[in-house]
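Residues per chain, in single letters:
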Amino acid sequence: MTDIGVMDYIWLGVLAVFQGPEAFSILGLPISITVLMVTFGLILGIVVGATPGLGSVIAMAISLPILISIFGYNADALLPVLGFLIGVMKGSTVGGAVPAILFNTPGTPDAYMTTLDGYPMAQAGKASKALRISHFSSVTGDTFSDIVLIVCAPFLAILVEAYLDLPEKTALLILSLSFIAAVVGGSAAKGLLSCGLGLLAVYIGTGEDFYPRLSFGLPALSDGIPITAAVIGILVIGAIFSELEELWHQTRRTGTIEVAKDQGDQRLHWADIRRIFPYISRSVLIGTAIGALPGIGSTLAATIGYATGKRRHARKKVPGDPAFGEGAPEGIAATEAANSSVSGANLIPVLSLGIPGNTAAVFLILAADSIGGFNPGPAVFKFSADLNPELVIAFGLFTTMIIANLLNWTVGGALMRWLGVLVRIPKQYLLPVVLLLTLASLYVEETSMSAIWFGFGFGILGYFMKRFGISPLPFVIGFVLGGRLEMTARQAFSATGGDPFFLLKSPIAALFIFAAVAVVYLSVRKPKAVTP
């Protein structure tokens, strides 16, 4: 038997996509079911991403059992199902910017930072241009991240795992939370308060004890607070309450509700691309690096990308240009490039280590486990002379990601421009619909009325946080990372023999802890926070 080389595996992966089961033919040209499923997934992802309260996680959770029931558990089902899920994951990242720009309501948590400059641009009559900037930055970041994944997946994953053991991962999570709390919000104190509330909420009813913590004997709290209800409630429902109040004040002042209309040139020119490209370049590097770390998601990448871009913009600001938070195109570019560049890099730990980098990637592992024939982990990248079918599947996945990116550049751009007409819909009609969809999505995800009440409760909390100038983003990141922080810290404490100083025994972990303290200290002494 002839030895199988790297190029042979790549070619076999491409053929597995394009010569797989046929959906139909056009003029005698067979159209692969995998290509069709990637297309459907991308379109669905953009639509759900553009709908506040929905998102890739809910769409993938609903789609997976339906897809498996249609395609079955045979080997031919693997690439179509995974291709659809990848399309949803990529499309939702692009689509999440639409409501953030048009209505100041993030479609996904990682699009929250997009509201800071996207919505002011829409109010200034530049909604279509803001959408074009968002689309260009998002797809550029996604494409770069996929290239890194395809070229460097085995090497980056091995390096990360070699240098970050349990104490280092615990310290890295502490550094992440400290950085977010210190740089996001009206001040470092408000950021720390927001993050602390998120950590407090996530520890209700959870843990490894034999009885639920902080539940006050209430059955509704004994199982913990659903992450969907907390995140959507504080980000989306809280923003809806705030917008409804603003509409009420507006009608009292003027007697009418203003509707933003596009004004002037809405095209994206080469001069605009040159202006935003330095911010895109930095953000794609930040997003790709964060995405390669297991368990660190796109919301953190978007925040760091925005904060880094803001510092650069403050140094190089041209007189007359809007500052970050006032409708700067660079702010949209920095955020969207960072959160989109996470998506490809998130699959580095998934494919190489079997560890999901974000919640959306969990469904890829669930699909692979359910169907069989593909076990994400180190064995995937074994370039053996004998055929390694899992490596063929891996290169098939890379091919579906390239197809999704090409569709994102074309179909995604057209959909983004079409969705821009939503800016003409008066808010007094749209916001109640958005609230209804948000509550419906909560019920679909949790199938419990308690999730609705949790959503309303956290919506009220988000509303008051906005009223007092406290950013809800540190709360969200604290809530998302809090459980992982506790689990990693418990494991590290146990692995080091119960050493209470395990965070200081490793040089890398000690460096992360020192950096966390330094970030908070410097922010308190000279607060220059990202004001949402």
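The structure under discussion appears in the preceding block.
Per chain, the residues get numbers from 1 upward, laid out in the order the sequence is written. For this predicted model, a pLDDT threshold of at least 70 governs which residues receive local features, and a threshold of 80 or more governs which side-chain atom pairs are given and counted, while totals over whole chains, interfaces and linings are taken from all residues. Computation of side-chain values covers all heavy atoms of the structure but excludes hydrogens and water.

A. Fine view of the overall build of the chain. Scanning the chain from terminus to terminus reveals 22 helices and two strands. Here the chain, with 532 residues, has 55% of them falling under the buried criterion. Restricting the contact set of the chain to residue pairs at least 6 apart, pairs at least 24 apart contribute 77%. What counts as a helix is a DSSP run of H or I of at least four residues, what counts as a strand is a run of E of at least two, and both are numbered from the N terminus. Accessibility here uses a 1.4 Å probe with only protein chains present; expressed as a share of the type maximum, an area under 20% marks a residue as buried, one over 50% as exposed, and anything in between as partly exposed. Contacts were defined at the residue level, with two residues in contact if any of their heavy atoms lie within 4.5 Å.

B. Molecular detail of the packing of helix α6 (residues 115-123) against helix α14 (residues 329-345). Between the N-to-C directions of two axes lies an angle of 0 to 180 degrees, each axis being a line fitted to C-alpha atoms and, for a helix, fitted only over the stretch in contact. Their axes nearest at 8 Å, the elements α6 and α14 cross at an angle of 140°. Taken together, the axes of α6 and α14 are oblique relative to one another. Like other packed secondary-structure pairs, α6 and α14 cross with a definite hand, here left-handed. Two secondary-structure elements touch here, α6 through D117, G118 and M121 and α14 through P329, G331 and I332. Three categories are distinguished: nonpolar for Ala, Val, Leu, Ile, Met, Phe, Trp, Tyr, Cys and Pro, charged for Asp, Glu, Lys and Arg, and polar for the others, with Gly belonging to the last. Here the residues of the contact of α6 with α14 sort into three nonpolar, two polar and one charged. Roughly parallel covers angles under 35 degrees, roughly antiparallel covers those over 145, roughly perpendicular covers 65 to 115, and oblique covers all other angles. Rotating anticlockwise by less than a right angle from the far helix to the near helix defines a left-handed crossing, while the corresponding clockwise rotation defines a right-handed one.

C. Quick peek at empty space enclosed by the protein. The definitions used throughout rest on a 1 Å grid laid over the protein atoms alone, on which a cavity is an enclosed set of points accommodating a 1.4 Å probe that cannot get out and a pocket is an open set flanked by protein within 12 Å on both sides along at least five of seven lines; lining residues are those having an atom within 4 Å of a point. Grid points are joined across faces, edges and corners, and a volume is the space filled by probe spheres set on the points. On inspection of all chains with the given rule, the structure shows one cavity of 30 Å³ or more. Of the voids in this model, the largest cavity is the one considered here, and its volume is about 60 Å³. The set of elements that each furnish at least two residues to the lining of the largest cavity consists of α4 (78-95), α15 (347-353) and α16 (359-371). Of the residues forming the lining of the largest cavity, the biggest block, three residues, is contributed by α15. For the lining of the largest cavity, the residue count by class is ten nonpolar, no polar and no charged.

D. Inspection of the packing of aromatic side chains at higher detail. Think of it this way: a Phe, Tyr or Trp ring, Trp meaning its six-membered ring, pairs with another when their centres are within 6.5 Å, and the plane angle makes it stacked under 30 degrees, edge-to-face over 60, tilted otherwise. Per the stated rule, a full pass over the model turns up eight aromatic pairs. Ring geometry for W453 against F456: centres 6.4 Å apart, planes inclined by 40°, an arrangement best described as tilted. With a gap of three residues between them, W453 and F456 both fall in helix α19 (residues 449-467), about one helical turn apart. Looking at F456, the relative accessible area reads 25%, which means it is partly exposed. Both rings, one in Y463 and one in F464, keep their centres 5.1 Å apart while their planes meet at 70°; by these two values the pair is edge-to-face.

E. The nonpolar core, seen in detail. Of all hydrophobic cores here, the largest spans 56 residues; its most connected members are I225, I234, L235, L442, F458, F475 and F479. Top element by residues in this core is helix α11 (residues 227-254). It accounts for ten residues. Membership of the second largest hydrophobic core comes to 52 residues, among which are V35, L42, L67 and L78. What is meant by a nonpolar core is a set of buried Ala, Val, Leu, Ile, Met, Phe, Trp, Tyr and Cys residues, joined one to another through side-chain atoms within 4.5 Å.

F. Looking closely at α19. Between its first and last C-alpha atoms α19 spans 27 Å; for 19 residues at 1.5 Å apiece the expected length is 27 Å, and the two agree. Within the span of α19, buried status applies to A451, I452, F454, G455, F458, G459, G462, Y463 and M465. Working rule for helices: expected span equals 1.5 Å times residues minus one.

G. Up close: the pattern of salt bridges. Any carboxyl oxygen of Asp or Glu that lies within 4 Å of a side-chain nitrogen of Lys or Arg is treated as forming a salt bridge with it. On inspection of all chains with the given rule, the structure shows five salt bridges. Of the charged contacts in the structure, one is a salt bridge between K505 and D499, with a shortest N-O distance of 2.7 Å. What makes K505 exposed here is its relative accessible area of 58%. Given a relative accessible area of 17%, D499 falls into the buried group. Connected through shared salt-bridge partners, K90, D142 and D146 make up one network.

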